[in-house]
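Coordinate inspection notes
What follows is each chain in one-letter form.
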Amino acid sequence: MQNRIDQLFAKKQHGVLNIYCTAGFPKLNDTLPVMTALQQHGADLIELGMPFSDPLADGPVIQDSSTKALQNGMSLHTLFTQLAGFRQTIHVPVILMGYFNPVLTYGVEAFCAKCAEVGIDGIIVPDLPMAEYESEYRTVFEKYNLHLIFLVTPETSEERIRKIDSLSKGFLYAVSSSSTTGKDKNMNDQQAYFERLKSLQLSNPVLIGFGIKDKATFDTASAYANGAIIGTAFIKAIEHSQDIDKTVETFISGIIQ
């Protein structure tokens, strides 16, 4: 069966909206209600954060959501229990985003098998080195039809970008600048970098992330790539929500109105 991420990009090449949410946040059992609301109100892709105590690439807002989710009792075992049967109602592609240590502890093959069993389409692991993935783990990920999505930054050389493009499946995650998630950035200042990526005519679609927070930044990013990823702004929006569905509807309509 064709991976859902590939199905998505086969039918939609522009303005793809990927929203990040932390599993088990704001409350432990909010994972599925948040995902359901995201699908219902127009997210094309859901990036589900696996909470970890030391999330290197994340800014304070996502770090705090991760800490809160861990305090709520979230773990990989709990997450997979929550996700059992979720494909009966959620049909958009779902990616797990997290760090390699919990995956290694769980067992890489056991993790991939469980992802395939519940219906996960791809994985983002910022601290898994490309060479290690290629030599040790690629065959396992591919065995379970899981797309590993790599990050590129403004400092990544063309040679390395092309190597990453050859190893990646699904899409490339273009980090808008070399900082953590959630930092305010002027998207227009990154124009040369975005244009360089566009000019490379990569084989994978590209989604831009870090600093995408509203319609203006989403539209700017989408002008240079296939779409964009919103994380910190969404986490802020749902943090104190009394009505997840309504909050998600309001948030997404503000991006894609």
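All of the points below concern the structure found in this document. The structure displayed is predicted, hence computed values, not measured ones.

Rules and cut-offs
- Residues numbered from 1 in each chain as written.
- Predicted model: local features only at pLDDT ≥ 70, side-chain atom pairs only at ≥ 80, totals over all residues.
- Heavy atoms only, no water.
- Helix = DSSP H or I, 4+ residues; strand = E, 2+ residues; numbered from the N terminus.
- Contact = heavy atoms within 4.5 Å.
- Polar contact = N/O pair within 3.5 Å; in protein donor to acceptor, adjacent residues only side chain to side chain.
- Core = buried A, V, L, I, M, F, W, Y, C linked by side-chain atoms within 4.5 Å.
- Buried < 20%, exposed > 50% of the residue type's maximum accessible area, 1.4 Å probe, protein only.
- Pairing = 2+ DSSP bridges.
- Right-handed = clockwise from strand over helix to strand, strands pointing away.
- Salt bridge = Lys/Arg side-chain N within 4 Å of Asp/Glu carboxyl O.

This paragraph deals with the environment of Y193. Secondary-structure assignment places Y193 in helix α9 (residues 191–199). Separated by 186 residues in sequence, Y193 and Q7 place their C-alpha atoms 28 Å apart. Contacts of Y193, omitting those with residues within four sequence positions, involve V152, T153, P154, A174, V175 and S176. Among the polar contacts made by the side chain of Y193, one reaches the main-chain carbonyl oxygen of V152 at a distance of 3.2 Å.

What follows deals with the nonpolar core. Counting 91 residues, the largest nonpolar core has L38, L96, F111, I120, I123, F171 and F234 as the members making the most contacts within it. Other than its neighbours up to four places away in sequence, L96 contacts L48, M50, L79, F80, F111, C115, I120, G122, I123 and I124.

Counting buried positions along strand β2 (residues 45–49) yields five of five residues, so the element is predominantly enclosed. Burial along β2 is two-sided: L45, E47 and G49 facing one way and I46 and L48 facing the other are all buried. As defined by bridge partners, strand β1 (residues 16–22) adjoins β2 across five bridges and the pair is classed as parallel. From the neighbouring strand, I19 faces β2, where its bridge partner is I46. What joins β1 to β2 is helix α2 (residues 31–40), and the crossover it makes is right-handed. Direction of pairing for β2 relative to strand β3 (residues 94–97): parallel, over a ladder of four bridges.

Before going further, it helps to examine unusual backbone geometry. Trans peptide bonds make up most of the peptide bonds, and negative phi angles are found at most residues other than glycine. Residue F25 is joined to P26 through a cis peptide bond whose omega torsion reads 0 degrees. Backbone geometry places N145, a non-glycine residue, at a positive phi of 55 degrees. Tracing the backbone shows N145 in the loop between α7 (130–143) and β5 (147–148). For N145, a relative accessible area of 34% corresponds to the partly exposed category. You will see that Q201, though not glycine, has its phi angle at about 50 degrees, which is positive. Note that Q201 resides in the loop between α9 and β8 (206–209).

All right, on to the pattern of salt bridges then. In a structure, side chains of opposite charge can pair up when their charged atoms sit close to one another. The full count for this structure, using the stated rule, is 11 salt bridges. Here K12 and D44 are joined by a salt bridge, their closest N and O atoms 3.0 Å apart. With a gap of 32 residues between them, K12 in the loop between α1 (4–11) and β1 and D44 in the loop between α2 and β2 connect regions that are remote in the sequence. We classify D44 as buried; its relative accessible area is 13%. The partner of R138 in a salt bridge is E142, with the nearest N and O atoms 3.0 Å apart. Taken as a pair, R138 and E142 lie in helix α7 at a separation of four residues, close to a single helical turn. Taking relative accessible area as the criterion, R138 reaches 25% and is therefore assigned partly exposed. The class of E142 is partly exposed, set by a relative accessible area of 33%. Salt bridges here are not isolated pairs; linked through shared partners, they connect R4, R87 and D121.

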